[in-house]
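# Architecture at a glance
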Amino acid sequence: MILKGNPVSPGIVMGKAFLYKAFTCEVLASYFEKGHEEKYTEILETALTEAHLELDELIASLNFIDAEKAKIFVAHKEILSDEEIIDMIHNAINKEQKRPDFAVKSVFDEFIEILGKAKDPLIAARTADLRDVCNRLLRILKGEKEKNLSSLPESVIVVAQDLLPSDTATIDRVHVAGIITEAGGSTSHSAIIARGYKIPAVVGVPQVLEVIEDGMLLALDAISGEITLSPSEKVVNQTREKAEIFIRQQEAEEKYLSKPAMTADGQHIEIGINIGSEEFDVSLENYDSVGLFRTEFLYMENNHLPTEEEQFHAYQHVLDLAGGKTVTLRTLDIGGDKTLQYMQLPKEDNPFLGKRALRLCLDNSEMFHIQLRAALRASAYGPLQIMFPMVGSIDDIRRAKLAVSVAKEQLRAEKKPFNEDIKLGIMIEIPSIALIADMAAEEVDFASVGTNDLTQYLCAVDRMNPSVSGYYQDLSPAMLRILNFIFEQFHTKGKPVSVCGELAGNPAAAVVLVGMGLRKLSMSEANIARVKAALAGVTIEKGISLGEVCRNLSTEDEVKVYLEKYI
Ligand code: PEP
Ligand code: MG
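Residues numbered from 1 in each chain as written. Chains lettered and ligands numbered in written order. Predicted model: local features only at pLDDT ≥ 70, side-chain atom pairs only at ≥ 80, totals over all residues. Heavy atoms only, no water.

Let us look at the overall build of the protein. When helices and strands are counted, the protein shows 23 helices and 16 strands. The C-alpha atoms of the protein give a radius of gyration of 25 Å, which matches the 24 Å a tight globule of 567 residues would have. Taking the principal axes of its C-alpha atoms as reference, the protein extends roughly 85 × 70 × 40 Å. Going through the 567 residues of the protein one by one, you find that 54% of them count as buried. In the protein, 69% of the contacts between residues at least 6 apart in sequence involve partners at least 24 apart. Within the structure as shown, the protein displays about 25,200 Å² of accessible surface, and the carbon and sulfur contribution to it stands at 51%. (Helix = DSSP H or I, 4+ residues; strand = E, 2+ residues; numbered from the N terminus. Rg over C-alpha atoms; globule rule 2.2 N^0.38 Å. Buried < 20%, exposed > 50% of the residue type's maximum accessible area, 1.4 Å probe, protein only. Contact = heavy atoms within 4.5 Å. Areas by Shrake-Rupley, 256 points an atom, 1.4 Å probe, with all protein chains shown as cover.)

Surrounding ligand 1, one finds 17 residues, the nearest of these being Arg-294, Glu-429, Gly-450, Asn-452 and Arg-463. A distance of 2.8 Å separates an oxygen atom of ligand 1 from a polar side-chain atom of Arg-294. Measuring from an oxygen atom of ligand 1, one finds a backbone N or O atom of Asn-452 at 2.8 Å. Among the secondary structure elements, those contributing two or more residues to the shell around ligand 1 are helix H8 (189-196), strand E10 (289-294) and helix H18 (451-458). Taken together, the residues of the shell around ligand 1 break down into four nonpolar, five polar and eight charged. (Near = heavy atom within 4 Å. Polar contact = N/O pair within 3.5 Å; in protein donor to acceptor, adjacent residues only side chain to side chain. Nonpolar A, V, L, I, M, F, W, Y, C, P; charged D, E, K, R; others polar.)

This next bit is on a negative patch on the surface. Among the surface-exposed residues, Asp-82, Glu-83, Glu-84 and Asp-87 lie close enough to one another that they form a single negatively charged patch. In this structure, Glu-83 sits in helix H3 (residues 83-94). By relative accessible area, Glu-83 is classed as exposed at 63%. (Patch = residues over 30% accessible without salt bridge, like charges linked within 9 Å, V, L, I, M, F, W, Y side chains within 5 Å. Salt bridge = Lys/Arg side-chain N within 4 Å of Asp/Glu carboxyl O. Lys, Arg positive; Asp, Glu negative; His and termini not counted. Charge placed at Lys NZ, Arg CZ, Asp CG, Glu CD.)

Glu-429 (OE) and Asp-453 (OD) make up the full set of protein donors to the magnesium ion (ligand 2), lying at 2.0 Å. Of this pair, Glu-429 sits in the loop between strand E13 (424-428) and helix H16 (431-434) while Asp-453 is found in helix H18, placing the two residues 24 residues apart along the sequence. Asp-453 carries the same exposure label as Glu-429, and that label is buried. (Donors = N, O, S within 2.8 Å, 3.2 Å for Na, K, Ca; no water.)

Ranked by size, the top nonpolar core spans 100 residues in total, and within it Phe-388, Ile-486, Phe-487 and Leu-521 carry the most contacts. Those residues in contact with Phe-487 that lie beyond four places of it in its chain are Val-449, Val-497, Val-499, Leu-513, Met-516 and Leu-518. (Core = buried A, V, L, I, M, F, W, Y, C linked by side-chain atoms within 4.5 Å.)

By the definition in use, this model includes one cavity of 30 Å³ or more. Around the largest cavity sit 15 residues that line it, and Arg-294, Arg-330, Glu-429, Asn-452 and Arg-463 are the ones nearest its centre. Elements that contribute at least two residues to the lining of the largest cavity include exactly E10 and H18. Within the lining of the largest cavity, the residues separate by chemical class into three nonpolar, four polar and eight charged. (1 Å grid on protein atoms, 1.4 Å probe; cavity = no way out; pocket = protein on both sides within 12 Å on 5 of 7 lines; lining within 4 Å. Points joined across faces, edges and corners; volume = space filled by probe spheres on them.)

We now examine the pairing of strand E9 (residues 270-275). Of all six residues making up E9, five are buried, and the element is well covered by its neighbours. Bridging between E9 and strand E16 (residues 520-523) involves four bridges; their strand directions are parallel. Looking at the pairing, Gly-272 lines up with Ser-522 of E16. Note that E9 and E10 share four bridges and pair parallel. Paired with Ile-275 across the bridge in E10 is Phe-293. (Pairing = 2+ DSSP bridges.)

Moving on, we come to the state of the cysteines. The full count for this structure, using the stated rule, is zero disulfides. Sulfur of Cys-134: no disulfide; nearest cysteine sulfur belongs to Cys-25 and is 8.1 Å away. Cysteine Cys-550 shares no disulfide, and the gap to the nearest cysteine sulfur, in Cys-459, comes to 16 Å. (Disulfide = S-S within 2.5 Å.)

Where helix H4 (residues 100-116) meets helix H6 (residues 126-141), the closest approach of the two axes is 9 Å, and the angle between their N-to-C directions is 175°. Taken as axis vectors, H4 and H6 run roughly antiparallel relative to one another. From H4, Pro-100, Asp-101, Val-104, Lys-105, Phe-108, Phe-111, Ile-112, Leu-115 and Gly-116 reach across to H6, where they touch Arg-126, Thr-127, Leu-130, Arg-131, Val-133, Cys-134, Leu-137, Leu-138 and Leu-141. Within the contact of H4 with H6, the residues separate by chemical class into 12 nonpolar, two polar and four charged. (Axes fitted to C-alpha atoms, helices over the stretch in contact; angles between N-to-C directions. Parallel < 35°, antiparallel > 145°, perpendicular 65-115°, else oblique.)

Let us look at the side chain of Thr-451. Note on placement: Thr-451 falls in helix H18. With near-sequence residues (within four places) excluded, Thr-451 lies in contact with Tyr-472, Met-479, Leu-483, Val-499, Gly-501, Glu-502 and Leu-503.

All right, on to the sheet that holds strand E1 (residues 2-4) then. Hydrogen bonds between backbone atoms are what pair the strands of a sheet, whose relative direction is either parallel or antiparallel. Strand order across the open sheet formed by eight strands is E1-E8-E7-E3-E4-E5-E6-E2, with mixed pairing between neighbours. Since the sheet does not close on itself, it has two edges, and those belong to E1 and strand E2 (6-9), each with one partner. For this sheet the average axis-to-axis angle between neighbouring strands, irrespective of direction, equals 30°.

Read these as layout, nothing more, since geometry by itself doesn't imply function.
What follows is the structure in structure tokens.
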């Protein structure tokens, strides 16, 4: 059987399926008859021992990979050993005859409610840990085995409905050979992370969890988007051959990786990298700057809002790793598909059109202020610039700049060093700011176009919804026209503009963008060699004429066919 989906991170692999479903269960209020207290106490005790064992194993394996993450589970063990909690569960069984699952759930719910009301966000954040521990106990009581992506026993292809950013943040990169999800488009965060980690991935595959069984052999072709279930010997051999060809092609492009990006007529193009964590391992020769540092992952990997000190050290660390190259720090872009387990975000019918990113930060001024202080302080240690996501108007820009002024003023009073001339820029992701790019350019030092969101908002298509992925046309003539307009306006005002959305990492699109005047592209590490190879094959003149023709074609299909013919 062959399934088809949207290939979002290239590669060809074979491996066993690892079905990943986050555990959820409904606990009914149920009681046992008096006289069976001992039996149910024993069931609880066995579950507690099992939970401790699971956590010990998890901590031991994580200690090797990431000692910081191991600490989360050490804290979970402390909860499991908390006398007050454990006594209350025992009492619920012995005095109220609640069945163990009901006893566990009601006691944890009580604690979660009390902690959730705490004013101190650090205490309130503990509710996420309590939920995790409660779920662990309930799963064990149900007799289900643990499914966790942070430590896998062998190399597997992960199959899931969707991977949450919190799953991908802790994913065991060594043992995930491939990713298949039912949900998600090419710019969903699972896709971006898969590309960042160079894990072949196909998303938007209908009903994967129904047809793929745990442990089933899969041949994953993340170039064509085809997944063969229990492949025959013939398909196994064909897959091996295709994988070899793919690797050879990658090797041919690889020779461009560490060279500066140059067009055939010698125009240098700045290559930025997009990073999503303070740890990244990209050779300094491969890139010219960090064009997009997505800071939300710092918030998502933690079980609490990162403090100013934690952020300051993380940002300083990124500057260190970038070895003197400019780092563009994007302020928190949460909301939409990205949530924080410890922070209650408003429930919205249309979260992508709701209070996300800058809107959320402007509304949570203290949280924003802490991030800005940390970024400003880090700017004393290297070339850091700040960029705001989801800007929709000049008002947004002015409010964000005001927040920076307030943070600067405070640091000055405290005599803490920072770069007074730090550059402030915006992401252009919403048509309402794109169409006044001339005015926006006067307000900021630079801009970077987030084509993932710009496509979503220009084409009115949810970037996460596979059923409308055909409408998500980031190479449509409409997109090319609006991009051309943005570049022209910024260049006229003498302000730098770049593209850091996924379009910049598409080799054919990169050529067209350069033809429309762009001189800086920022992308996932996985795309650098391919883009540099494509740029080396064309002159600026050719790029200009490709751009002109494509902007005057009628459909995205025509653009793609035309580019395939010429590049
Ligand atoms: C974008 O929207 O193009 C972008 C780079 O931001 P993100 O993908 O993080 O929303
Ligand atoms: Mg965006």
